[in-house]
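Observations on chain architecture
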Amino acid sequence: MISDTETAQDTVTYVYGIVPADVETEPNARGVGDPPSPVEIIRHGDIAALVSEISAARPFGRPEDLTAHARLLDAVAAVVPVLPLRFGSGMTNRDVVAVELLANNYDDFLAILRELEGMTQFVVTGRYVEEVILKEVLADSPQMSRLRERTRKLSENEGRDEKIVLGEGINKAIGLKRIADTGAMRDALEPLCAEITEREAAHELDAVNLACLGETGKRGAIRDAVEEFANRHEGRIELRLLGPMAPYDFVMAQEPQD
Amino acid sequence: MTAAVEPYGGRGGSGGLADVIDSILDKGLVIDAFVRVSVVGIELVTIDARIVVASVDTYLQFAEAVNRLDLSSTEKKGLPQLLDDMAEGGAKSKTKGAIEGVGESLRESLQDTEKNEGD
């Protein structure tokens, strides 16, 4: 009923996520867009979509848009279950959100929201302290130490191949440490979380990059577990715990198959 | 230095911009799987700012970093203190630069919206 006009329209209904219908947004909640658009709720039965009307012409995806999207969903996730949509999801207008998104997928969304009841996502990231981890690699590997001895006396332009072999060996050794440390952190979190997924390393010095879905009430215990791990690796891994946040890492598998 | 775990207060949620990018750019429910016709293709000007892991550049950087190290505990002493300081300063600023670089490159790409993903 709408496809003919979709290229000509001025505004897009931006959808942040799906929530239970009894959610209220604060009147001053700021959404994406420039200036920030108000956040509205479109309800259908027991579920609802959090949306903003945004300009279809403006470039989208400024840092402010990213943080507004995340901030809104995270604030909601701290209180009620939320099904976050991927950043940049828009529909032609409010009516199609109500009908095509909410009504047509009502049972699926309701089931997922019930599963997520009382759950929230936490992310644990850890970064190796470069100097410390490099010394550790050298101490572990006589071969790397020998290579270092040979290459460190060379000028910048000499021994490129040997330096690549050295760097590749270090990268591989750090990769093995990453697997071990990620596994240990995962073991510590496993009893406290319903689900854990390993995120891809985003940096060559990443030690840990885990997303976990846990009961909101377990957040104290999760923090204790991360803190204990951080203390054990003090000076070696810099750990951070993010959350509570919307379960971004745990909704992708819910996509229906064709 | 105590354990560097962020308290729940403070920024909370997804953290800073680099963390937000990691969480929301390629995650979350894909709307196209549920609705086909009326999805609007919003053109994103953001880029995937994650650093490519394990390239030759990475290897050369590691080689350089390891060659800068002062291993005074395992090799003969007497290396100039200056070298030690340089190695430490270098390592620190490098890490910090990489983290800030994410926001930086994002902002750069936004200033030039014509430019598509460069690499």
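What comes next concerns the included structure. (Residues numbered from 1 in each chain as written. Chains lettered and ligands numbered in written order. Predicted model: local features only at pLDDT ≥ 70, side-chain atom pairs only at ≥ 80, totals over all residues. Heavy atoms only, no water.)

**Let's talk about the overall build of chain B**
- When its secondary structure is counted, chain B shows three helices and one strand.
- From first element to last, N terminus to C terminus, chain B shows the α and β order α-β-α-α.
- Counting every position in chain B, which comprises 119 residues, the buried fraction comes to 43%.
- Excluding contacts between residues fewer than 6 apart, the proportion of contacts in chain B whose partners are at least 24 apart in sequence is 59%. (Helix = DSSP H or I, 4+ residues; strand = E, 2+ residues; numbered from the N terminus. Buried < 20%, exposed > 50% of the residue type's maximum accessible area, 1.4 Å probe, protein only. Contact = heavy atoms within 4.5 Å.)

**Things to note about the overall build of chain A**
- Along the backbone of chain A there are seven helices and nine strands.
- At 23 Å, chain A has a C-alpha radius of gyration far larger than the 18 Å of a compact globule built from 258 residues.
- Principal-axis analysis of the C-alpha atoms places the extent of chain A at approximately 70 × 45 × 40 Å.
- Taking all 258 residues of chain A together, the buried fraction comes to 53%.
- A sequence separation of at least 24 residues applies to 75% of the contacts in chain A between residues at least 6 apart.
- Looking at chain A as shown, the accessible area adds up to about 11,800 Å², and 48% of this sits on carbon and sulfur atoms.
- Distance between charge centroids for chain A: 10 Å, based on 28 positive and 46 negative side chains. (Rg over C-alpha atoms; globule rule 2.2 N^0.38 Å. Areas by Shrake-Rupley, 256 points an atom, 1.4 Å probe, with all protein chains shown as cover. Lys, Arg positive; Asp, Glu negative; His and termini not counted. Charge placed at Lys NZ, Arg CZ, Asp CG, Glu CD.)

**A few points about the pattern of salt bridges**
- Summed over the entire model, instances satisfying the criterion amount to 21 salt bridges over all chains.
- With a shortest N-O distance of 2.9 Å, lysine 177 of chain A and glutamate 136 of chain A are connected by a salt bridge. With lysine 177 of chain A in helix 6 (residues 160-189) and glutamate 136 of chain A in helix 4 (residues 130-140), this pair connects stretches of sequence that are 41 residues apart.
- Relative accessible area serves as the criterion here: at 21%, glutamate 136 of chain A is assigned to the partly exposed category.
- Among the ionic pairs, lysine 27 of chain B bridges to aspartate 26 of chain B, the shortest N-O distance being 3.5 Å.
- A residue is classified by how much of its surface remains accessible, and aspartate 26 of chain B, at 31% relative accessible area, is partly exposed. (Salt bridge = Lys/Arg side-chain N within 4 Å of Asp/Glu carboxyl O.)

**Some thoughts on the pairing of strand 9 (residues 237-245) of chain A**
Residue and element names in this part refer to chain A.
- Counting buried residues along strand 9, seven of its nine residues qualify, which places the element largely inside the surrounding structure.
- Sheet analysis places strand 6 (residues 119-128) next to strand 9, joined by seven bridges and oriented antiparallel. The residue of strand 9 that forms the bridge with glutamine 121 is methionine 245. (Pairing = 2+ DSSP bridges.)

**Here we look at the packing of helix 4 of chain A against helix 5 (residues 142-151) of chain A**
All names here are of chain A.
- Where helix 4 contacts helix 5, the axes come no closer than 5 Å and their chain directions differ by 110°. One way to sum up the angle between helix 4 and helix 5 is to call them roughly perpendicular. Between helix 4, through Val137, Leu138 and Asp140, and helix 5, the contact on the second element is made entirely by Pro142, Met144, Ser145 and Arg148.
- Counted by class, the contact of helix 4 with helix 5 contains four nonpolar, one polar and two charged residues. (Axes fitted to C-alpha atoms, helices over the stretch in contact; angles between N-to-C directions. Parallel < 35°, antiparallel > 145°, perpendicular 65-115°, else oblique. Nonpolar A, V, L, I, M, F, W, Y, C, P; charged D, E, K, R; others polar.)

These values are about where atoms sit, not about what they do.
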